Amino acid sequence: MINVGVVGYGTIGKRVADAVMLQDDMKLAGIVAHSYNFKIMAASLKGIRIFSLGNRELLEKNGIKVEGDFDSLLDSADIIVDATPGGLGKENKEKYYIKKDVKAVFQGGEKADVGESSFVAQVNYDDALNKRYVRVVSCNTTGLSRTINALDRAFGVVNVNATLIRRAADPGESRKGPINALVPTLELPSHHGPDVKTVIPGIEIFTTAIVASTTLMHIHTLSVEVRKEVEREDVLKVLRKAPRIRIVSKEERINSTAEIIEFARDLGRGRGDMPEVCIWKEGIGVNGRSIFLIQAVHQESIVVPENIDAIRAMSGVPFESSFKKTNESLRIE
Ligand code: NAD
């Protein structure tokens, strides 16, 4: 049994905690409550063990049962999933995880050097085997890496140009924006392209990004040059077969990110999540050696299965045993 502690119980942390509880080879040792808020209240009502961070009195005053402090969670966990805001993971590693000799999975808001490897399960699982510190890459990098890896294995990728239309905030956030603008990222390439190279070394990729006033999902448009001429049907076949990628279509009346999220809700998954990258069938086009496609990425959930697989890889479990178990437990196709 792998004992997992979660530090940073927000959008990603609360989902990873729930996913850990669905695994038959993992136990949620507990979460750290950085502050008192509705997420901590919900965790408490769900019976999750809560550990304080210098705020025991505040938590107890609000009816939260505190099992111990941060140090005692570190003592009882084999692995920490650190899902704190970007940059804090590295601080926590240096201040706590190294000293306590505990393994840790970090998230995409950290720089790549926080981990011994950057991780997307279906691309480079073995790089994380038995490692102490691994970074699960960001939602955008995970989505790009899954798709590019599938095309690369099938046809050999020469180069990729991608534009990312990024959601401005997560649905539960009221303080971020913009609320009425499209904001170009004035950094070329955007950081996403170089980040994909931490997972697929040697890939030629250039990315640009725009932030849009929406909260549901990101959309990426990709132009991928491959080694030989391809048929559209072959591209579709490859993407249909690739794991954690879902082909959606106009025939299903899935015309936008709104219908994808409604579909995820109809599937009855926790929080209406869609951890698969969704690629529109009608959005796939081919011109000689160039493949064009449009995909949507659910930023809140795409990295959840990746965190579960990273925990197993760092515990020495082989890819074949982890990937399938994660997909089945989270009902991912
Ligand atoms: P979030 O703000 O929703 O959650 C972070 C949580 O950490 C909050 O609940 C906060 O109270 C808590 N926290 C803050 N300081 C803390 C501390 N010192 N100790 C313990 N807890 C502390 O953030 P998020 O969106 O879940 O992002 C977490 C990480 O995941 C970041 O690296 C981010 O880049 C990455 N990520 C986010 C998304 C996304 O779309 N939200 C997608 C993929 C990856």
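Residues numbered from 1 in each chain as written. Predicted model: local features only at pLDDT ≥ 70, side-chain atom pairs only at ≥ 80, totals over all residues. Heavy atoms only, no water.

A. View of the site of the ligand. Of all residues adjacent to the ligand, which total 20 residues, the nearest are T11, I12, G109, R167 and D170. In the model, an oxygen atom of the ligand is placed 3.3 Å from a nitrogen or oxygen of the Y9 main chain. Between D170 and the ligand, the recorded distance is 2.7 Å, taken from a side-chain N or O atom to a nitrogen atom. Protein burial of the ligand: of its 830 Å² of free accessible surface, 82% is covered by the chains. (Near = heavy atom within 4 Å. Polar contact = N/O pair within 3.5 Å; in protein donor to acceptor, adjacent residues only side chain to side chain. Areas by Shrake-Rupley, 256 points an atom, 1.4 Å probe, with all protein chains shown as cover.)

B. Representation of the side chain of E276. Among the structural elements, E276 can be located in the loop between α10 (257-266) and β14 (277-280). Given a relative accessible area of 0%, E276 falls into the buried group. A polar side-chain atom of E276 sits 2.8 Å from a polar atom in the side chain of R269. Leaving out residues up to four positions away in the same chain, E276 has contacts with R146, R244, I245, R246, R269, A296, R331, I332 and E333. (Helix = DSSP H or I, 4+ residues; strand = E, 2+ residues; numbered from the N terminus. Buried < 20%, exposed > 50% of the residue type's maximum accessible area, 1.4 Å probe, protein only. Contact = heavy atoms within 4.5 Å.)

C. Layout of the pattern of salt bridges. A full pass over the atoms with the stated rule returns 26 salt bridges. The salt bridge partner of E67 is K65, with a shortest N-O separation of 3.3 Å. E328 is the partner of K324 in a salt bridge, and the nearest nitrogen-oxygen pair spans 3.4 Å. Of the two residues, K324 and E328 are both situated in helix α12 (residues 319-330); the distance of four residues between them amounts to about one turn of the helix. (Salt bridge = Lys/Arg side-chain N within 4 Å of Asp/Glu carboxyl O.)

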